[in-house]
Amino acid sequence: MKLDAATPQPIYLKDYTPPAFLIDQVDLTFELDEEATRVTSRLVLHRNPAHPDRGAALRLDGREMTLESLRLDGVALEADAYQLDEESLTIAAVPDTAILEVVTLIHPELNTSLMGLYKSNGNFFTQCEAEGFRKITYYLDRPDVMARFTTTIVADRAKYPVLLSNGNRVGDGQFDRNRHWVKWVDPFRKPAYLFALVAGRLGKVEDSFVTASGRAVALEIYVEPHDLDKCAHAMNSVKKSMQWDEQVFGLEYDLDSYMIVAVSDFNMGAMENKGLNIFNTAYVLARPDTATDTDFDGIEAVIAHEYFHNWTGNRVTCRDWFQLSLKEGLTVFRDQEFSADMGSRAVKRIEDVRTLRTHQFAEDAGPMAHPVRPDSYIEINNFYTVTIYEKGAEVVRMYHTLLGREGFRRGMDLYFKRHDGQAVTCDDFRAAMADANGVDLTQFARWYSQAGTPVLRVRGHYDAAARTYTLDVAQSCPATPGQPTKLPFHIPLVLGLVGPDGVDLPLRLEGEPAAAAGSRVLDVTEAEQRFVFVDVAVEPVPSLLRGFSAPVKLDYPYSRAQLVHLMAHDSDPFCRWEAAQTLLLQDLNGLIDAARAGRPLQLADDVVAAFRSMLADTSLDPALTALMLTLPAESYLADQQQEIDPDAIRTALNFVRLGLARGLRNELKQTYSRLNDGAAYRFTAADVARRSLKNVCLAYLVELDEPALVELAQKQYRDASNMTDAYAALACLVEREAGDEALAQFASKWADEALVMDKWFALQASSRRRGTVEHVRALLEHPSFQLTNPNKVRALIGGLLARNLAGFHRADGSGYEFAAEMILALDKLNPQIAARQVASFNRWRKLEPNRRAAMKAALERIAAESGLSRDVYEIVAKNLQ
Ligand code: B3K
Ligand code: ZN
């Protein structure tokens, strides 16, 4: 591969050494200016006694800035007293304690990477995680250097009336004729990745929260003035999160104010900077007419996530970036539990498992597979992955399952007691869980070090004469890059035995005194293990991996009758949904094979019948019914194939969709009419559930392509009082010409609402209509599209590359050419965003031969480009390795 600089080298966990110096105090002054912002930094340093070399030089990270001056203990340093290169500033002779003053100039207006200090819609913002602070000033930019910060911001008063940073505001004043200043002090030590600064013309929504111990906290949400009417839901979510963390974990907020700022140019969802969270507008702004139920849910979850980081991430942070899941997996687990408590626990669990299986299992099966605690990386930004976040959350959930709710809480309490104010490792977390409960979690450590999705092969045998039910459990884990063999995991297997009447049987293992009712946890720790249940009166159907108790693939040879039984009766809602999915998957896999072989397609009768009785069961939560009716994603089906033929997958899915719509036509119509009651929009779990089932029914009905049914969608689109219903109708219409008018109307109505326009781009990019590649290409020219805006890129380019399997993998290779072109263009602007799009190539080796060759050619075209970023280089190189 061509690279201008030396080939980027990996960084290894095994090479970790403590920093040579620690920083006690940082005083920053920013003189904000679009073209050249001056940053003055005063660092109080001392030599780290934990570092092996007592004479080590001071090496500070820094890039893309101009050094103006450098003073050590008050003395200006001559050019020969230090060394400067593209990445760092090194001073050889530094006393054991020292004060270093560094003045740098940075150029926010040229910063399109959205890391460090940058401008968006005329305002200044920062993003420092993981390594953005080094684009602001020379610093020990690593999470195990925790310092106290003060920040003084000087800026034009008229252009930047609002000046924010971390901690508490301690002073302000007039600096000169046009400029004012504000000073912030953060009393908590923090790593530089949690630093933040915001300056601009922003409106504010205010509220307050009184903590359990009676302290009043000012809550402030800052947005552009025209968005002030879209903050109510976010503010509500903040208060709910604060209360929940007190109730469930006994954790209170620790500063006088908690600020959230929304910005429309942002690389990810949000950032947990101490006391000053910066959010993508997509996770703050919502009004019933501009945001869907999914958006409302997402906002609640992301607000909670960032708020929860204040303890899991900020008060206790990571020693190094290999430990990223220490804060991310744990905080995702916490936000998942919060959402489960706010809405439907069952629905939340199923949605999370869908995400895990669709995205994380795919990652585990591809060239980027890595453990929850990676051993190496080239670019850390590439490791903010579904493995670190979602699989990491599953690992935390397994502690919860193994130790129980109270045991888990004991572990968390000990973790904070031991490590508040420290930068620690995943092993420290595991030790707190083990020590607080007096259990041995040594084997559990393999969840952090071994990549890949384990397979749990289970076989059941009923002996009527002996009244025993025997489960034989075997586990294995496929090889992943760099890890050819794996050792057995400690897997919590939650199960129940469902009797013929649909009721759970008592569970008593051989040698146990009494039976447990309902579900229980089995500790699977060996490669092969046998569990014998005694006193089993009738042959049961095993309900395995209840609540998805471990991130594994289950292999159990269920008969169709057993699946129908579980789908109708399982007391565990996850397993009920799972039975429906397995039934569909069995059919879909058969249909995909048939489509590839050109054989006629046929849908099994029992599927339609099972879904009919499910739709008739009005005791079921409508949201659960909706999820059961939702077909698996194309990409999830692709990952089940030995060799992927995207057209066959689409054909099979279309066939099942149409088959279910035909078979359930009356039930779908009745359910739709029953739920389409014109009630005013409220964001409550019950209303969200009703809307979700109604809209799933509508989607099936429109599939039938009958004018009267298409008109249902037209009418719903016209009459909708909220975005959930309007968007659902438009999603049906976008698939046919009859929808073109609605699509045009939508664009003109919402031209000034960036987030709503993102939906418009995304719908078209993921459409099943022909010619999507050309259509997406044309939309690049649309006045609302900007390649510099990550939300737009994710909606339009990501819509095609990541959410439209058959549209992207077009047989003529035009999707791949388009992707390569976009990735190269994006890499020049924003490497992080470019690298995300490369992931659409990760399964290239599994495609049928023609597409495989075309994908490889596109990857090679990217690789041949000179001056690739480390971000894109790493993913392309791992794909071609
Ligand atoms: N911690 C940030 C993610 C930062 C990503 C940097 N590439 C958001 C979060 O997980 O809460
Ligand atoms: Zn996070």
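The rules behind each value
Residues numbered from 1 in each chain as written. Chains lettered and ligands numbered in written order. Predicted model: local features only at pLDDT ≥ 70, side-chain atom pairs only at ≥ 80, totals over all residues. Heavy atoms only, no water. Helix = DSSP H or I, 4+ residues; strand = E, 2+ residues; numbered from the N terminus. Rg over C-alpha atoms; globule rule 2.2 N^0.38 Å. Buried < 20%, exposed > 50% of the residue type's maximum accessible area, 1.4 Å probe, protein only. Contact = heavy atoms within 4.5 Å. Donors = N, O, S within 2.8 Å, 3.2 Å for Na, K, Ca; no water. Pairing = 2+ DSSP bridges. Axes fitted to C-alpha atoms, helices over the stretch in contact; angles between N-to-C directions. Expected span 1.5 Å × (residues − 1). Near = heavy atom within 4 Å. Polar contact = N/O pair within 3.5 Å; in protein donor to acceptor, adjacent residues only side chain to side chain. Nonpolar A, V, L, I, M, F, W, Y, C, P; charged D, E, K, R; others polar. UniProt positions renumbered as here; feature names shortened; annotations may be inferred. Arc of directions from axis to C-beta. Core = buried A, V, L, I, M, F, W, Y, C linked by side-chain atoms within 4.5 Å. Salt bridge = Lys/Arg side-chain N within 4 Å of Asp/Glu carboxyl O. Parallel < 35°, antiparallel > 145°, perpendicular 65-115°, else oblique. Left-handed = near helix turned anticlockwise from the far one by under 90°. Phe/Tyr/Trp six-rings, centres within 6.5 Å; stacked < 30°, edge-to-face > 60°. Lys NZ or Arg CZ within 6 Å of the ring centre and 35° of its normal.

1. Overview of the overall build of the protein chain
Okay, so step 1: Looking only at helices and strands, one finds 26 helices and 31 strands in the protein chain.
Okay, so step 2: Computed over C-alpha atoms, the radius of gyration of the protein chain comes to 28 Å, within 12% of the 29 Å expected from 2.2 N^0.38 for 881 residues, which places it in the range of a compact globule.
Okay, so step 3: On the principal axes, the C-alpha backbone points of the protein chain span a range of 90 × 70 × 60 Å.
Okay, so step 4: Going through the 881 residues of the protein chain one by one, you find that 59% of them count as buried.
Okay, so step 5: Across the protein chain, the fraction of contacts at a sequence separation of at least 24, relative to all contacts at a separation of at least 6, is 71%.

2. Observations concerning the coordination of the zinc ion (ligand 2)
Okay, so step 1: Surrounding the zinc ion (ligand 2) are the protein donor atoms His-305 (NE2), His-309 (NE2) and Glu-328 (OE), at 1.9 to 2.1 Å.
Okay, so step 2: Between consecutive donor residues of the zinc ion (ligand 2), the sequence gaps follow H-x3-H-x18-E. One exposure class covers both His-305 and His-309, and it is buried.

3. A few points about the sheet that holds strand β30 (residues 541–544)
Backbone hydrogen bonds hold the strands of a sheet together, and the pairing may be parallel or antiparallel.
Okay, so step 1: Spatial ordering of the open sheet is given by β28-β27-β30, a layout of 3 strands whose pairing is antiparallel. What marks the edges here is a single partner per strand, and that holds for β28 (520–524) and β30. Each adjacent strand pair in this sheet contributes to an overall mean axis angle of 40°, direction not counted.
Okay, so step 2: Pairing analysis gives 5 bridges linking strand β27 (residues 491–498) to β28, with the strands arranged antiparallel. Bridge pairing in β28 links Val-494 to Val-521.
Okay, so step 3: Sitting on the sheet, helix α5 (residues 386–419) is in contact with β27 and β28, with an inclination near 60° to β27.
Okay, so step 4: Sitting on the sheet, helix α8 (residues 560–569) touches β27 and β30, and the angle it makes with β30 is about 60°.

4. Some words on helix α23 (residues 814–829)
Okay, so step 1: The terminal C-alpha atoms of α23, which comprises 16 residues, lie 23 Å apart, in line with the 22 Å expected from a rise of 1.5 Å per residue.
Okay, so step 2: For α23, the set of buried residues is Ser-814, Gly-815, Tyr-816, Phe-818, Ala-819, Ala-820, Met-822, Ile-823, Leu-824, Leu-826 and Asp-827.
Okay, so step 3: Contacts from the buried residues of α23 go to α20 (772–779), α21 (790–803), α22 (805–808), α24 (831–838), α25 (849–863) and α26 (870–880).

5. Some words on the site of ligand 1
Okay, so step 1: Of all residues adjacent to ligand 1, which total 14 residues, the nearest are Glu-129, Ala-270, Glu-272, Glu-306 and Tyr-389.
Okay, so step 2: Take His-309: an N or O atom from its side chain is 3.2 Å from an oxygen atom of ligand 1.
Okay, so step 3: When contributions to the shell around ligand 1 are tallied by element, the ones reaching two or more residues are β20 (270–271), α2 (293–308) and α3 (324–342).
Okay, so step 4: For the shell around ligand 1, the per-class residue count stands at 5 nonpolar, 4 polar and 5 charged.

6. A few points about the UniProt feature "domain: Aminopeptidase N-like N-terminal" (unreviewed entry) in the protein chain
Okay, so step 1: Mapped onto this numbering, the UniProt entry gives "domain: Aminopeptidase N-like N-terminal" (unreviewed entry) at residues 66–194.
Okay, so step 2: Strand forms 53% of residues 66–194 and helix 0%; the C-alpha atoms that close the span are 23 Å apart.

7. Here we look at the pairing of strand β18 (residues 216–223)
Okay, so step 1: Most of β18 sits inside the fold, with 6 of its 8 residues counted as buried.
Okay, so step 2: In this sheet, β18 lies alongside strand β17 (residues 203–210) in antiparallel orientation, the contact comprising 8 bridges. Of the residues in β18, the one forming a bridge with Asp-207 is Leu-219.
Okay, so step 3: Between β17 and β18, which pair antiparallel in sequence order, lie 5 residues; one of them, Gly-214, sits at a positive phi of approximately 90°.

8. Overview of helix α10 (residues 605–616)
Okay, so step 1: Here α10 is 12 residues long and its end C-alpha atoms lie 17 Å apart, about the 16 Å a rise of 1.5 Å per residue gives.
Okay, so step 2: Within α10, burial applies to Val-607, Val-608, Ala-610, Phe-611, Met-614 and Leu-615. Along α10, the residues classed as buried sweep out an arc of 165° about the axis, all on the same side. In α10, the exposed residues that point more than 90 degrees away from the buried face are Asp-605 and Ala-616.
Okay, so step 3: Where α10 is buried, its residues meet α8, α9 (573–597), α11 (622–629), α13 (646–663) and α14 (665–675).

9. Here we look at the nonpolar core
Okay, so step 1: Residues Leu-100, Tyr-139, Tyr-399, Phe-533, Phe-611 and Leu-660 are the most contacted members of the largest nonpolar core, which totals 284 residues.
Okay, so step 2: Considering every element that reaches this core, the biggest residue donor is α5, with 12 residues.
Okay, so step 3: When near neighbours in sequence (up to four residues on either side) are disregarded, Tyr-399 contacts Gly-404, Phe-408, Phe-429, Arg-430, Met-433, Leu-441, Phe-444 and Tyr-448.

10. A closer look at the pattern of salt bridges
Okay, so step 1: All chains considered together, the criterion is met by 82 salt bridges.
Okay, so step 2: The salt bridge partner of Asp-27 is Arg-42, with a shortest N-O separation of 3.6 Å. Placement of the pair is Asp-27 in strand β2 (residues 21–31) and Arg-42 in strand β3 (residues 37–47), with a sequence separation of 15 residues.
Okay, so step 3: In this structure, Lys-856 and Glu-860 form a salt bridge, with 3.6 Å as the shortest nitrogen-oxygen distance.

11. Things to note about the packing of α23 against α24
Okay, so step 1: Packing of α23 against α24 brings their axes to within 6 Å, and their N-to-C directions diverge by 155°. In terms of orientation, α23 lies roughly antiparallel with respect to α24. Where α23 abuts α24, its residues Ile-823, Leu-826, Asp-827 and Leu-829 lie against Pro-831, Ile-833, Ala-834, Gln-837 and Val-838.
Okay, so step 2: A class-by-class count of the residues in the contact of α23 with α24 yields 7 nonpolar, 1 polar and 1 charged.

12. Side note on the sheet that holds strand β11 (residues 123–127)
Okay, so step 1: Strand order in the open sheet formed by 4 strands is β10-β11-β16-β13, and the pairing between neighbours is antiparallel. Each end of this open sheet is capped by a strand with a single partner; those strands are β10 (116–120) and β13 (162–165). Sheet twist, expressed as the average angle between the axes of neighbouring strands with direction ignored, equals 15°.
Okay, so step 2: Bridge count between β11 and strand β16 (residues 197–200): 2 bridges; the pairing is antiparallel. From the neighbouring strand, Phe-124 faces β16, where its bridge partner is Ala-199.

13. Details of the side chain of Asp-725
Okay, so step 1: Position of Asp-725 among the secondary structure elements: in helix α17 (residues 723–733).
Okay, so step 2: Side chain to side chain, Asp-725 and Asn-695 meet in a polar contact 3.2 Å long.

14. A few points about the pairing of β10
Okay, so step 1: Taken across its 5 residues, β10 has 5 buried, putting it largely inside the fold.
Okay, so step 2: Looking at chain direction, β10 and β11 are connected through 5 bridges and run antiparallel. Each bridged residue has a counterpart across the sheet, and for Lys-119 the counterpart in β11 is Phe-124.

15. What to know about the packing of α17 against helix α19 (residues 754–765)
Okay, so step 1: One can describe the packing of α17 onto α19 by two numbers: an axis separation of 11 Å at closest approach and a directional angle of 20°. The orientation of α17 with respect to α19, classified from their angle, is roughly parallel. Crossing of α17 over α19 shows right-handed handedness. Counting all contacts with α17, which are made through Met-723, Tyr-727, Leu-730 and Ala-731, the residues of α19 involved are Val-756, Lys-759 and Leu-763.
Okay, so step 2: Residues that form the contact of α17 with α19 fall into these classes: 6 nonpolar, no polar and 1 charged.

16. Comments concerning unusual backbone geometry
Leaving glycine out, the prevailing phi sign among residues is negative, and the prevailing peptide bond configuration is trans.
Okay, so step 1: Residue Glu-129 is joined to Ala-130 through a cis peptide bond whose omega torsion reads 0°.
Okay, so step 2: Its location among the elements puts Ala-130 in the loop between β11 and β12 (147–156).
Okay, so step 3: Here the phi dihedral of Asp-73 falls at roughly 45°; this positive angle occurs in a residue that is not glycine.
Okay, so step 4: Along the chain, Asp-73 falls in the loop between β5 (66–72) and β6 (75–76).
Okay, so step 5: Judged by its relative accessible area of 40%, Asp-73 falls in the partly exposed class.

17. Thoughts on the packing of aromatic side chains
Okay, so step 1: One pass over the structure, following the stated rule, counts 38 aromatic pairs.
Okay, so step 2: An angle of 50° between the planes, with centres 6.4 Å apart, marks the rings of Tyr-384 and Tyr-389 as tilted.
Okay, so step 3: Of the residues examined, Tyr-384 reaches a relative accessible area of 14% and is grouped as buried.
Okay, so step 4: Between the aromatic rings of Trp-760 and Phe-761, the centroid separation amounts to 5.2 Å while the plane-to-plane angle is 75°, which identifies the pairing as edge-to-face.
Okay, so step 5: Trp-760 sits in the buried class, given a relative accessible area of 7%.
Okay, so step 6: Here the aromatic residues Trp-244, Phe-249, Tyr-253, Tyr-258, Tyr-307, Phe-308, Phe-333, Phe-338 and Phe-408 are joined through ring pairs into a cluster of three or more.
Okay, so step 7: The ring of Tyr-16 has Arg-319 lying over it, and the distance from NZ or CZ to the ring centre is 3.7 Å.
Okay, so step 8: Positioned over the ring face of Tyr-727 is Lys-759, at 5.8 Å from the centre of the ring.

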